[in-house]
Amino acid sequence: MAQVKIENVTKNFGRFEAVKDFSLEIEDGEFIVLVGPSGCGKTTLLRMVAGLETVTSGEIHIDNTEVTHMPAKKRDIAMVFQNYALYPHMNVYDNLAFALKLRKMPKAEIKEVVKKTADLLGIGDFVNRLPNQLSGGQKQRVALGRAIVRQPKVFLFDEPLSNLDAKLRVSMRAEILDIHQRLNNTSIYVTHDQLEAMTMGTRIIIMKDGVVQQNGTPKEIYKHPANKFVAGFMGSPAMNVMPCTIKEEAGNLMAVNKGMNLTIPADQADRLKPYVNQDLYMGLRPEHITDSVVGDQKKNGSAFKAFVRLVEPLGSEQLIHLEAEGDRFIARIDPRSLINYGETLEFYARMESATFFDGKTEERIV
Ligand code: ATP
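### Some details on the site of the ligand
And then number 1: Around the ligand, the neighbouring residues are Phe13, Phe16, Ala18, Pro37, Ser38, Gly39, Cys40, Gly41, Lys42, Thr43, Thr44 and Glu159.
And then number 2: Separating an oxygen atom of the ligand from a backbone N or O atom of glycine 41 is a distance of 3.0 Å.
And then number 3: Between the ligand and lysine 42, the relevant distance is 2.7 Å, taken from an oxygen atom to a side-chain nitrogen or oxygen of the residue.
And then number 4: In isolation the ligand has 630 Å² of accessible area, and contact with the protein removes 58% of it.
And then number 5: Secondary structure elements with two or more residues in the shell around the ligand: β2 (16-26) and α1 (42-50).

Below you can see the structure in the form of structure tokens.
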């Protein structure tokens, strides 16, 4: 296992900069998730680490050895792809054994390693089958197995679960994490799925247009998104972000827009003072909008009226789509509350949990 250091890496395709000045240090045994919308450069970055794509500038180090221009096969890296990339004419056993045979590992040893890996992945009963006789989930397990038998320094995953159905994705997610916990392998995992990123990464790197937007633990990113883009990208449903103006009224700071006039609690008010009379964005997670006053929340300061546009009952919660004077947002509400489409009701914002972003730079202020 290994540390990976990516220093100021840039990748140009002609005049187009796909990855811009990207730096990241990955500790031994970390499970890093690179996430971002389509075209943000995450696959390009992974391919540069693998040695499948040249680097325009910057350096990549694996275990204190510079590998920037080293051929892929010398880097001791294993990659798992979305399309499995299995050898179609070889059965599962031979797919798993292939890299070990190339290394001239003794036959008996290969047998032992393949059996152990197949058992670890629950594909021990299928070793004689060809890939086209396997389901998508089984194929992906074989692809995973092919990476594991090689005991590489670093595992790279490029959207490995995208071809699987939703239910299988959830169980494979847990399996990959379980294997990571057992083998403690340094891993870089690329996905466009924010939920996959939140549930799998010990650390998440969010990219947009080739640029890192935030590098943090899932908790940090959820609680303190670095900017408006991250706030809107991470979380399901995402954070509600709406324009507001900061006003001072009778000694209190208020977040004001057409449909709301909300009191900002004292500890946030200190940091928002320089923004009085300025236009900002206010972010409220769906769970921070309630239909009843909770704890020491003051009804007066946090109430607003909203029209119910849609009710999505999800069993353990209900998502209520609301509209207040043109602003649309979603609240996550206790399923026992009786809320119907077409009603105009009073809701409450947990302002102590609100996030504010600069109106111009869109960076987080509070
Ligand atoms: P996706 O989730 O859709 O795979 P991604 O974040 O992995 O997206 P990349 O595949 O890394 O994105 O591509 C980043 C950008 O670089 C895209 O705009 C893409 O069109 C461009 N790009 C990728 N490969 C090439 C290439 N060989 N030549 C020119 N442009 C490329």
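### A few points about the sheet that holds strand β5 (residues 65-66)
And then number 1: Sheet architecture is open: four strands sit in the order β2-β1-β4-β5, paired in antiparallel fashion. Unpaired on one side and paired on the other, β2 and β5 mark the two borders of the sheet.
And then number 2: Direction of pairing for strand β1 (residues 4-13) relative to strand β4 (residues 57-62): antiparallel, over a ladder of five bridges. Across the sheet, the residue bridging to lysine 5 is histidine 61, located in β4.
And then number 3: Along the sheet, α1 contacts β1, β2 and β4; its crossing angle with β1, the most-contacted strand, is approximately 120 degrees.

### Remarks on the packing of helix α4 (residues 136-149) against helix α5 (residues 166-183)
And then number 1: Following both chains from N to C, one finds α4 and α5 inclined at 15 degrees, their axes separated by 11 Å at the closest point. Put simply, α4 runs roughly parallel to α5. Considering the relative orientation of α4 and α5, their crossing is right-handed. Where α4 approaches α5, its residues Gly137, Gln140, Arg141, Leu144 and Ile148 are matched on the opposing element by Leu168, Met172, Glu175, Ile176, Ile179 and Leu183.
And then number 2: Class assignment of the residues belonging to the contact of α4 with α5 gives a composition of seven nonpolar, two polar and two charged.

### Some thoughts on α1
And then number 1: Burial within α1 is extensive, with seven of its nine residues counted as buried.
And then number 2: When we look at burial in α1, the residues that qualify are Lys42, Thr44, Leu45, Leu46, Met48, Val49 and Ala50.
And then number 3: Following α1 by one or two positions, glycine 51 adopts a phi angle in the positive range, close to 90 degrees.

### Description of the pattern of salt bridges
And then number 1: Per the counting criterion, the structure on display carries 14 salt bridges.
And then number 2: As a salt-bridge pair, glutamate 7 and lysine 5 come within 3.6 Å of each other at their nearest N and O atoms.
And then number 3: Glutamate 323 is the partner of arginine 309 in a salt bridge, and the nearest nitrogen-oxygen pair spans 3.6 Å. Separated by 14 residues along the polypeptide, arginine 309 in strand β16 (residues 303-313) and glutamate 323 in strand β17 (residues 318-324) bring together distant segments of the chain.
And then number 4: Judged by relative accessible area, which is 27%, arginine 309 ranks as partly exposed.
And then number 5: Shared partners join several salt bridges into a network, and the residues in it are Lys11, Arg47 and Glu53.

### Remarks on the domain arrangement of the protein
And then number 1: What the domain assignment lists for the protein is domain 1 (4-233) and domain 2 (240-358).
And then number 2: Of note, the centres of domain 1 and domain 2, computed from C-alpha atoms alone, are 39 Å apart.
And then number 3: Listed per partner, the contact involves seven residues of domain 1 and six residues of domain 2.
And then number 4: Of the roughly 610 Å² buried between domain 1 and domain 2 on both sides combined, carbon and sulfur atoms contribute 59%.
And then number 5: By the criterion of area lost to domain 2, the three top residues of domain 1 are Tyr222, Lys228 and Ala231, representing 78% of everything that side buries.
And then number 6: Viewed at the interface, domain 2 and domain 1 are joined by zero salt bridges.
And then number 7: Across the contact surface, domain 1 and domain 2 share two residue pairs in polar contact (both at pLDDT 80 or more).
And then number 8: Mapped by element, the contributors of at least two residues to the side of domain 1 that touches domain 2 are α7 (218-223) and α8 (228-233).
And then number 9: Its residues assigned to classes, the side of domain 1 that touches domain 2 comprises four nonpolar, one polar and two charged.

### Thoughts on the pairing of strand β9 (residues 203-208)
And then number 1: Of all six residues in β9, five are buried; the element is thus mostly enclosed.
And then number 2: The pairing of β9 with strand β10 (residues 211-216) spans five bridges and is classified as antiparallel. Residue pairing across strands places methionine 207 opposite valine 212, the latter belonging to β10.
And then number 3: With antiparallel pairing between neighbouring strands as the criterion, β9 and β10 make up a hairpin whose turn holds two residues, including aspartate 209 at a positive phi of roughly 45 degrees.

### Regarding the packing of helix α2 (residues 92-102) against helix α3 (residues 107-120)
How two helices pack is summed up by the angle between their axes together with the distance between the axes.
And then number 1: For the pair α2 and α3, interaxial distance at closest approach is 10 Å and the crossing angle is 130 degrees. As far as their axial angle goes, α3 and α2 are oblique. The two elements α2 and α3 cross, and the hand of that crossing is right-handed. Contact with α2, carried on its side by Tyr93, Leu96, Ala97, Leu100 and Lys101, involves Ile110, Lys111, Val113, Val114 and Ala118 of α3 and no other residues of that element.
And then number 2: When grouped by side-chain class, the residues that make up the contact of α2 with α3 number eight nonpolar, no polar and two charged.

### Here we look at the packing of aromatic side chains
And then number 1: Counted by the stated rule, this structure contains nine aromatic pairs.
And then number 2: Ring geometry for phenylalanine 229 and phenylalanine 233: centres 5.5 Å apart, planes at 15 degrees, overall stacked. With phenylalanine 229 and phenylalanine 233 both in helix α8 and four residues apart, the pair spans about one turn of that helix.
And then number 3: Residue class for phenylalanine 233 comes out buried when judged on its relative accessible area of 18%.

Parameters at a glance
Each residue is numbered by its place in its chain's sequence as written, counting from 1. Local features are withheld for residues below a pLDDT of 70 in this predicted model, meaning they are given only at 70 or higher, and side-chain atom pairs are given and counted only at 80 or more; totals for whole chains, interfaces and linings count all residues. The basis for every side-chain value is the complete set of non-hydrogen atoms in the structure, without hydrogens or water. Throughout, near means a residue has at least one heavy atom within 4 Å of the molecule or strand. We call two N or O atoms a polar contact when they sit within 3.5 Å, provided that within protein one can donate a hydrogen and the other can accept it, with sequence-adjacent residues counted only if both atoms are side-chain atoms. In this description, accessible areas are obtained by the Shrake-Rupley approach with a 1.4 Å probe, and a residue is regarded as covered only by the protein chains that are shown. Under the scheme used here, helices are H or I runs from DSSP no shorter than 4 residues and strands are E runs no shorter than 2 residues, and both carry numbers assigned from the N terminus. Note: two strands are recorded as paired if DSSP finds a minimum of 2 bridges between them. Throughout, a residue-residue contact means that at least one pair of heavy atoms, one from each residue, lies within 4.5 Å. For helices, the fitted line uses only the C-alpha atoms of the stretch in contact; every axis is such a line through C-alpha atoms, and the angle between N-to-C directions lies from 0 to 180 degrees. In these notes the angle categories are as follows: under 35 degrees is roughly parallel, over 145 is roughly antiparallel, 65 to 115 is roughly perpendicular, and the rest is oblique. A clockwise turn of the near helix away from the far one marks a right-handed crossing, whereas an anticlockwise turn of less than a right angle marks a left-handed crossing. Under the grouping applied here, Gly and all other residues not named as nonpolar or charged are polar, the nonpolar ones being Ala, Val, Leu, Ile, Met, Phe, Trp, Tyr, Cys and Pro and the charged ones Asp, Glu, Lys and Arg. Relative accessibility decides the category of a residue: with a 1.4 Å probe and only protein chains considered, values under 20% of the type maximum give buried, values over 50% give exposed, and everything between is partly exposed. Each salt bridge in this description consists of a side-chain nitrogen of Lys or Arg and a carboxyl oxygen of Asp or Glu lying within 4 Å of one another. Segment limits for the domains were obtained from an automatic or database-derived domain assignment. When two components associate, each loses some accessible surface as probed by a 1.4 Å sphere; the sum of these losses over both components is called the buried area. Only rings of Phe, Tyr and Trp enter the pairing, Trp through its six-membered ring, and a pair is recorded when the two centres are within 6.5 Å. The plane angle decides the type: under 30 degrees is stacked, over 60 is edge-to-face, the rest tilted.

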